[in-house]
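Reading the structure
Below are the chains, spelled out letter by letter.
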Amino acid sequence: MQRRSNIRYAALSDIGGRMRNEDAFLADRVDGYHVFAVADGLGGHAAGDVASRTAIEILTEAAGKGLPETEPAALLERAFQCANTAIRDYNREHRLNAGTTLSAAIVSDSGRCWIGTVGDSRTYIITPSSVWHTRDQSYVQSLVEAGMLSPEEAIFHPQKNILTRALGLADRVEVDLDLVELAEAVLVISSDGLHDYVPASTIQGIVTTNEPDTACRLLVDAARDAAGTDNITVIVMRS
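The rules we used
- Residues numbered from 1 in each chain as written.
- Predicted model: local features only at pLDDT ≥ 70, side-chain atom pairs only at ≥ 80, totals over all residues.
- Heavy atoms only, no water.
- Buried < 20%, exposed > 50% of the residue type's maximum accessible area, 1.4 Å probe, protein only.
- Helix = DSSP H or I, 4+ residues; strand = E, 2+ residues; numbered from the N terminus.
- Arc of directions from axis to C-beta.
- Pairing = 2+ DSSP bridges.
- Axes fitted to C-alpha atoms, helices over the stretch in contact; angles between N-to-C directions.
- Contact = heavy atoms within 4.5 Å.
- Expected span 1.5 Å × (residues − 1).
- Salt bridge = Lys/Arg side-chain N within 4 Å of Asp/Glu carboxyl O.
- Phe/Tyr/Trp six-rings, centres within 6.5 Å; stacked < 30°, edge-to-face > 60°.

Below, the discussion takes up helix α6 (residues 200-207). For α6, the complete set of buried residues consists of I203, Q204, I206 and V207. Relative to the axis of α6, the buried residues are bounded by an arc of 165 degrees and lie together on one face.

What follows is the structure in structure tokens.
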């Protein structure tokens, strides 16, 4: 577990039921900010691990060069577009269709949190009484929003992994940007290997009652116990 200023955080990635781990993550402090991200290379697409790693490398470089001068939301938008272009160029050069999700958060020491998301990796803001998370950019989420599925039914839907947006598959990508105040909340970022199998109430109970390193281990164990077949990556941060 890392402890700098009053912020504690931990990260853990597990291969789960797959032959290789196509997730990548970032958890670090950069020039007065904490930067966290999870990328999940698209299953069934060639070189998903290359795509996820590229997204994290470009975000890491952008944060190192841009903070603290660049406004965090602008930095996230620019990094996501640069990652999208890099993966798109890789695809054209190698005649592939590699793609990845990316959910990233930049957190100031005061608790202000800028979030960018493409795909169905999630950033959660969790307190003992509430759970908020970023919107999944997926076919099943569109059914939930249309009132055709409940969130509980979405967990078991056979088309839950069909995304409506991902990095690397189009010339530009629309990034969902959010700004929240953490206050006493816990920040969680995860690939769908966690939240496709573990209910939000279970995630909430684990992260609000445990330190980040223990919470990460318990979350991965919960996904495995739920017969999860995907890679599992989780970051937990609290102050």
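Moving on: the sheet that holds strand β6 (residues 112-118). With antiparallel pairing, the 5 strands of this open sheet are ordered in space as β3-β4-β5-β6-β9. Pairing within the sheet leaves two strands with one partner each, and these edge strands are β3 (23-30) and β9 (176-181). Adjacent strand axes in the sheet meet at a mean angle of 10 degrees when their direction is disregarded. As judged from the 6 bridges shared by β6 and β9, these two strands associate in the antiparallel manner. What sits directly across from W114, in β9, is L179. Lying on the sheet, helix α1 (residues 48-66) is in contact with β3, β4 (33-40) and β5 (102-108); it crosses β3 at an angle near 10 degrees. With respect to the sheet, helix α2 (residues 72-94) is in contact with β4, β5, β6 and β9, its orientation differing from that of β6 by roughly 20 degrees.

In this model α1 runs 27 Å from its N-terminal to its C-terminal C-alpha over 19 residues, within 8% of the 27 Å that 1.5 Å per residue would give. Taken as a whole, α1 has its buried residues at G48, D49, V50, A51, S52, T54, A55, I56, I58, L59, A63 and G66. Against the buried residues of α1 lie β3, β4, α2 and β5.

Moving on, we come to the pattern of salt bridges. Under the definition given, this model contains 14 salt bridges. For the salt bridge of D171 with R88, the shortest nitrogen-to-oxygen distance reads 3.3 Å. In this pair, D171 sits in the loop between α4 (151-155) and β9 while R88 sits in helix α2, placing the two residues 83 residues apart along the sequence. Since its relative accessible area comes to 47%, D171 is described here as partly exposed.

Moving on, we get to the packing of aromatic side chains. With the rule as written, the count across this model stands at 2 aromatic pairs. With 5.1 Å between their ring centres and 70 degrees between their planes, Y9 and F36 make a pair best called edge-to-face. Of this pair, Y9 sits in strand β2 (residues 7-14) while F36 sits in strand β4, placing them 27 residues apart in sequence. Measuring from centroid to centroid gives 6.2 Å for Y33 and W114, while their planes differ by 65 degrees, and the two rings are edge-to-face. One end of the pair, Y33, is in strand β4; the other, W114, is in strand β6, and 81 residues separate them in sequence. Relative accessible area serves as the criterion here: at 10%, W114 is assigned to the buried category.

This is a description of form; function is not addressed.
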